[in-house]
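This is what each chain is made of:
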Amino acid sequence: MKNTISARVADFLKRYPPFDLLQQDQLLKIAEHVKIIYLDKGKNIFNIGEEGHAEFYVVHKGAVEIKNMQHDTLETIDKCDEGDIFGLRPLFAKENYEINAITEEETILYGIPIDKFKPIVEKNIDIGVYLIETFATNTQTPYSKEQSSKLYSKPSDELFELQPAKYVKNVITAPKGSQIKTVAKLMTKYDVGSVIITENNSPIGIVTDQDFRESVATGNLSISSTVSNIMSSPVICYAKGITIAQAQIALMKHRISHLCITEDGTPNSEVVGVLSEHDIVVTQGNNPSVLMKAIKRANSTKELKNIRKKITYLLKGYIQQNIPLTHISKIIFELNDASIKRVIERCIDKMDSPPPVNFSWMSLGSQGRKEQLLQTDQDNAIIFENVKEENIEEVRSYFLLLAKKINKRLNTIGYEYCPAEMMAKNPKWCLSLNEWKDQFTKWILEPGDDEILLCSIFFDFDISYGELSLTNELSQHIFNQTGNNQIFLSMLAASAIRSASPLGFFRQFLVEQDGQYKDFFDLKKRALMPITDAGRLLILSHKVKNINNTAERFEKMAELEPENKELYLSCSYASKALLKFRTKQGLLHNDSGRYIELPTLSKEEKMKLKRCFKSIKDVQELIKLRYKVSHLI
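Residues numbered from 1 in each chain as written. Predicted model: local features only at pLDDT ≥ 70, side-chain atom pairs only at ≥ 80, totals over all residues. Heavy atoms only, no water.

Enquirer: Describe the overall build of the protein chain, with residues and values.
Expert: Of regular secondary structure, the protein chain possesses 23 helices and 20 strands. Computed over its C-alpha atoms, the radius of gyration of the protein chain comes to 32 Å, more than 25% above the 26 Å expected for a compact globule of 633 residues. Counting only C-alpha atoms, the protein chain reaches 100 × 65 × 55 Å along its principal axes. For the protein chain, buried positions account for 51% of its 633 residues. Total accessible area on the protein chain stands at roughly 31,800 Å², and carbon and sulfur atoms take up 50% of it. Mean positive and mean negative side-chain charge positions of the protein chain (82 and 81 charges, respectively) differ by 2 Å. (Helix = DSSP H or I, 4+ residues; strand = E, 2+ residues; numbered from the N terminus. Rg over C-alpha atoms; globule rule 2.2 N^0.38 Å. Buried < 20%, exposed > 50% of the residue type's maximum accessible area, 1.4 Å probe, protein only. Areas by Shrake-Rupley, 256 points an atom, 1.4 Å probe, with all protein chains shown as cover. Lys, Arg positive; Asp, Glu negative; His and termini not counted. Charge placed at Lys NZ, Arg CZ, Asp CG, Glu CD.)

What follows is the structure, encoded as structure tokens:
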């Protein structure tokens, strides 16, 4: 009859090295002799100076701290988690232990009998090498920077300069007999820095901003003169496919700022594009200030879409270089915010008339909290100035049409449509100031589950474009309403602790039980949302305005409640670590980073996540006690 316990032990062991190197019959033979040990938290497994045991250990559930004596005090040098091996000294030498091993929580260990395992090690060099290396790593901390830097590979070096240079294909041209003022109007109309002067469809010269400054603004020539008097000629031409390196050399060699791209690379064929010095700089795309300038000058959605790709490339570089997340968040937020602003500006230009009244475009959720690093779905709303009752639907119609254009173009540049329609094009979220005040008042005074959910989304808003006084007035109204409204705060607290700790008994990750992501870990729902909800509740309770970022909220809380400083700072760290983790996963898999396939994580990644989860659990306990909301859960 099959020994089911041994089979289960073997199934577990074969998931971890070096047992994955064993043949099935060897594994089953070892499993038959494994000792299963259950220990409470804080139990010593062995101590310094103690005689070696007859087995070494594998952590099945729980966690074990490895400590040794440093400067007369016991210090933790390693933490062993699920699948980790420790207590190997008796396997290699008949010496007493030189470290302590203590359970950090309730733990189940598998004791692997040395007399059964040693013959296998002696015959398998790979297993022996692995065990020796593991034995050696008991002396180093798993949190070391050297180890963490190995989590992700370095970016590959690309021969950037040999890539084809991108040029502007929408070329503005003018015949050589045109007046200077006509060409100037063309440049203004199309917001370009150069115009190609042609004759019989072939380029004979180029006029740039510099030519106008030097020849016209100085009074040397009248604006009625023909443009051929100020153009640079002959124009330097190249064919399509010119590399970035070629373009840079040509610009320097001829001391010019623009190249003309023609069908055959000569002035005798049709113009197909213009390449400027600025285009080369933008192509490099590795500098936030360059990207910012490019966003402000972008004249098409397609251009903005390409810039957004470069922002993602910049983000990857920052993550790989292990730049602090606080720094990354601020830069990426500013670039995202500028992209949204530019989309809005262009959409207003495309409307038949300017906005009838002042308005604000509010970014909600993660962008509102300055935490949107990846391109996730868009959450936004419009608030417009109060108008007379008889005019309100007409004004709303204007802003709904504007919002429709903006939402569409945001989608084009990479922001997915919100599946719950939390977008400004939805009439429910395109309201006047008074309508928004009434809406928040209703949510706050009649807080059901749906109202609390909407509050959690709309409380974290940030103005991306428009009239600041509108959002300021709305913020003040919200704080006046929430004030000492204990019922509302209790409902918000109940919602904040509704998502239980991401870890189950024995520190197992709680994974999805069904659906498309069955057995995946939902990082957003189980980790990011609980800590974000907690930060929002606590800062709202203290009536602190204008801090939307979760990490910054907890840092402020550490100032306001010094008695809980350690907890709040750990929450601040956890919120940044979780956001960085999601960003890494998203970049790695080219998705939102929300759902994690746990078997793909390294031990160190799991340990870091679990440390963050402890902060979530602790702050949820604080909320539970402070707001006395157990009966509302």
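Enquirer: Now, about the layout of surface pockets: what can you tell me, with residues and values included?
Expert: Taken as a whole, the second largest pocket spans an internal volume of roughly 1,500 Å³. Around the second largest pocket, the lining is made up of 40 residues, and of these Val168, Asp279, Arg297, Asn299 and Glu303 lie nearest the centre. The set of elements that each furnish at least two residues to the lining of the second largest pocket consists of helix 7 (180–190), helix 8 (209–216), strand 14 (271–276), helix 10 (277–284), helix 11 (288–297), helix 12 (301–320) and helix 13 (325–350). Considering only residue class, the lining of the second largest pocket consists of ten nonpolar, 14 polar and 16 charged. (1 Å grid on protein atoms, 1.4 Å probe; cavity = no way out; pocket = protein on both sides within 12 Å on 5 of 7 lines; lining within 4 Å. Points joined across faces, edges and corners; volume = space filled by probe spheres on them. Nonpolar A, V, L, I, M, F, W, Y, C, P; charged D, E, K, R; others polar.)

Enquirer: Got a sec to walk through the nonpolar core? Specific residues and values, please.
Expert: Trp436 and Phe458 are the most contacted members of the largest nonpolar core, which totals 68 residues. Here Trp436 is in contact with Met362, Ala381, Ile382, Ile383, Trp429, Leu431, Trp443, Phe458 and Leu474, once residues within four sequence places are set aside. Within the second largest apolar cluster, 46 residues are counted, among which are Ile311, Phe399, Ala403 and Leu579. (Core = buried A, V, L, I, M, F, W, Y, C linked by side-chain atoms within 4.5 Å. Contact = heavy atoms within 4.5 Å.)

Enquirer: Go over helix 12 with me, naming the residues and quoting the values.
Expert: If you check helix 12, its first and last C-alpha atoms are 29 Å apart, about what 20 residues at 1.5 Å a residue would give, namely 28 Å. Listed in full, the buried residues belonging to helix 12 are Thr301, Leu304, Ile307, Arg308, Lys310, Ile311, Leu314, Leu315, Gly317, Tyr318 and Ile319. (Expected span 1.5 Å × (residues − 1).)

Enquirer: Tell me about the pattern of salt bridges, and please be specific about residues and values.
Expert: In the structure shown here, the tally under the stated rule is 22 salt bridges. Between Lys624 and Glu621 there is a salt bridge, with the nearest N and O atoms lying 3.6 Å from each other. Within this pair, Lys624 and its partner Glu621 are both found in helix 23 (residues 603–627), separated by three residues, close to a single helical turn. You can call Lys624 partly exposed: its relative accessible area is 31%. Using a relative accessible area of 37% as the deciding quantity, one classes Glu621 as partly exposed. Through salt bridges that share partners, Arg369, Glu371, Asp460, Asp533, Arg536 and Arg553 make up one connected network. (Salt bridge = Lys/Arg side-chain N within 4 Å of Asp/Glu carboxyl O.)

Enquirer: Please set out the side chain of Thr103 residue by residue, giving values where relevant.
Expert: Here Thr103 lies in strand 7 (residues 100–103). Polar side-chain contacts of Thr103 include one of 2.6 Å to the backbone oxygen of Asp40. (Polar contact = N/O pair within 3.5 Å; in protein donor to acceptor, adjacent residues only side chain to side chain.)

Enquirer: Could you give an account of helix 18 (residues 468–482), with specific residues and numbers?
Expert: Between the first and last C-alpha of helix 18 there are 21 Å, a value that for 15 residues agrees with the 21 Å anticipated at 1.5 Å per step. For helix 18, every residue scored as buried is listed here: Leu470, Thr471, Leu474, Ser475, His477, Ile478, Phe479 and Thr482. Structurally, helix 18 contributes buried residues whose contacts are with strand 15 (359–363), strand 16 (380–384), helix 16 (433–445), strand 18 (462–466), helix 19 (486–496) and helix 20 (523–541). Just downstream of helix 18, Gly483 is the residue with a positive phi angle, here 25 degrees.

Enquirer: Residue-level account of the packing of helix 16 against helix 18, with values.
Expert: When two helices pack together, their arrangement is captured by the angle between the axes and the distance separating the axes. Packing of helix 16 against helix 18 leaves a shortest axis separation of 10 Å and a crossing angle of 25 degrees. Regarding the angle of helix 16 to helix 18, the classification is roughly parallel. The interaxial crossing formed by helix 16 with helix 18 has right-handed handedness. Contact residues: helix 16 offers Leu433, Trp436, Lys437, Phe440, Thr441, Ile444 and Leu445, while helix 18 offers Leu470, Glu473, Leu474, His477, Ile478, Gln481 and Thr482. (Axes fitted to C-alpha atoms, helices over the stretch in contact; angles between N-to-C directions. Parallel < 35°, antiparallel > 145°, perpendicular 65-115°, else oblique. Left-handed = near helix turned anticlockwise from the far one by under 90°.)

Enquirer: Please set out the packing of aromatic side chains residue by residue, giving values where relevant.
Expert: One pass over the structure, following the stated rule, counts 22 aromatic pairs. Ring centres of Phe440 and Trp443 lie 5.1 Å apart, and the angle between their planes is 75 degrees; this geometry places the pair in the edge-to-face category. Placement of both Phe440 and Trp443 in helix 16 is noted, with a separation of three residues, approximately one turn of the helix. We note that Phe440, like Trp443, is buried. Lys370 extends its terminal NZ or CZ atom over the ring of Phe333, reaching a point 4.8 Å from the ring centre. (Phe/Tyr/Trp six-rings, centres within 6.5 Å; stacked < 30°, edge-to-face > 60°. Lys NZ or Arg CZ within 6 Å of the ring centre and 35° of its normal.)

Enquirer: Kindly report on the UniProt feature "domain: CBS" (unreviewed entry) in the protein chain, identifying the contributing residues and their values.
Expert: The feature "domain: CBS" (unreviewed entry), as given by UniProt, occupies residues 167–223 and 231–290 in the numbering adopted here. This span, residues 167–223, is 33% helix and 28% strand, and a straight line between its end C-alpha atoms measures 29 Å. (UniProt positions renumbered as here; feature names shortened; annotations may be inferred.)

Enquirer: Explain empty space enclosed by the protein residue by residue, including any values.
Expert: The tally for this structure, following the rule as stated, stands at one cavity of 30 Å³ or more. Size it by volume and the largest cavity reaches roughly 80 Å³. Lining the largest cavity are Ile340, Trp361, Ser363, Leu364, Gln367, Gln372, Asp377, Gln378, Asp379, Asn380, Leu410 and Tyr415. Its residues placed into classes, the lining of the largest cavity shows five nonpolar, five polar and two charged.

Enquirer: Hey, could you go over the environment of Leu468 for me, with residue numbers and the actual values?
Expert: Structurally, Leu468 is set in helix 18. Residue Leu468 is classed as partly exposed on the basis of its relative accessible area, which comes to 45%. Taking C-alpha positions, Leu468 is 9.8 Å from Asn358, a pair spaced 110 residues apart along the chain. Ignoring anything within four residues of it in the chain, the contact list for Leu468 reads Ser360 and Ile463.

Enquirer: Which residues make up the pairing of strand 11 (residues 202–208), and what values do they have?
Expert: Side chains on a regular strand alternate between the two faces of the sheet. With six of seven residues buried, strand 11 lies mostly within the body of the structure. Linking strand 10 (residues 194–199) back to strand 11 in an antiparallel pair, the connection comprises two residues, with Asn200 at a positive phi of about 55 degrees. (Pairing = 2+ DSSP bridges.)

Enquirer: I'd like to hear about a nonpolar patch on the surface, residue by residue, with values.
Expert: Taken together, the side chains of Ile48, Met69 and Leu74 define a hydrophobic patch exposed on the protein surface, amounting to about 260 Å² of accessible area. Within the fold, Ile48 resides in the loop between strand 2 (44–46) and strand 3 (55–61). A relative accessible area of 37% places Ile48 in the partly exposed class. (Patch = residues over 30% accessible without salt bridge, like charges linked within 9 Å, V, L, I, M, F, W, Y side chains within 5 Å.)

Enquirer: Quick rundown of unusual backbone geometry? Include the residues and the values.
Expert: The linkage connecting Ser233 with the following residue, Pro234, adopts the cis geometry, with an omega of -5 degrees. As for its placement among the helices and strands, Pro234 is situated in the loop between helix 8 and strand 12 (237–239). The phi torsion at Asn201 lies on the positive side, around 65 degrees, for a residue other than glycine. Of the residues examined, Asn201 reaches a relative accessible area of 58% and is grouped as exposed. Positive phi values are uncommon outside glycine, yet Asn546 reaches one of about 65 degrees. Relative to the elements of secondary structure, Asn546 occurs in the loop between helix 20 and helix 21 (550–560).

Enquirer: Got a sec to walk through the sheet that holds strand 13 (residues 258–262)? Specific residues and values, please.
Expert: Spatially, 12-13-14 is the arrangement adopted by the three strands of the open sheet, whose pairing is mixed. If you trace the sheet from one side to the other, it starts and ends with strand 12 and strand 14, each paired once. Averaged over neighbouring strand pairs, the angle between their axes works out to 35 degrees when direction is ignored. By the bridge criterion, five bridges tie strand 13 to strand 14 in an arrangement that is antiparallel. When the bridges of strand 14 are listed, Thr262 appears paired with Val271. Strands in contact with helix 9 (residues 244–254) are strand 12, strand 13 and strand 14; relative to strand 13, the strand with the most contacts, it is inclined by about 125 degrees.

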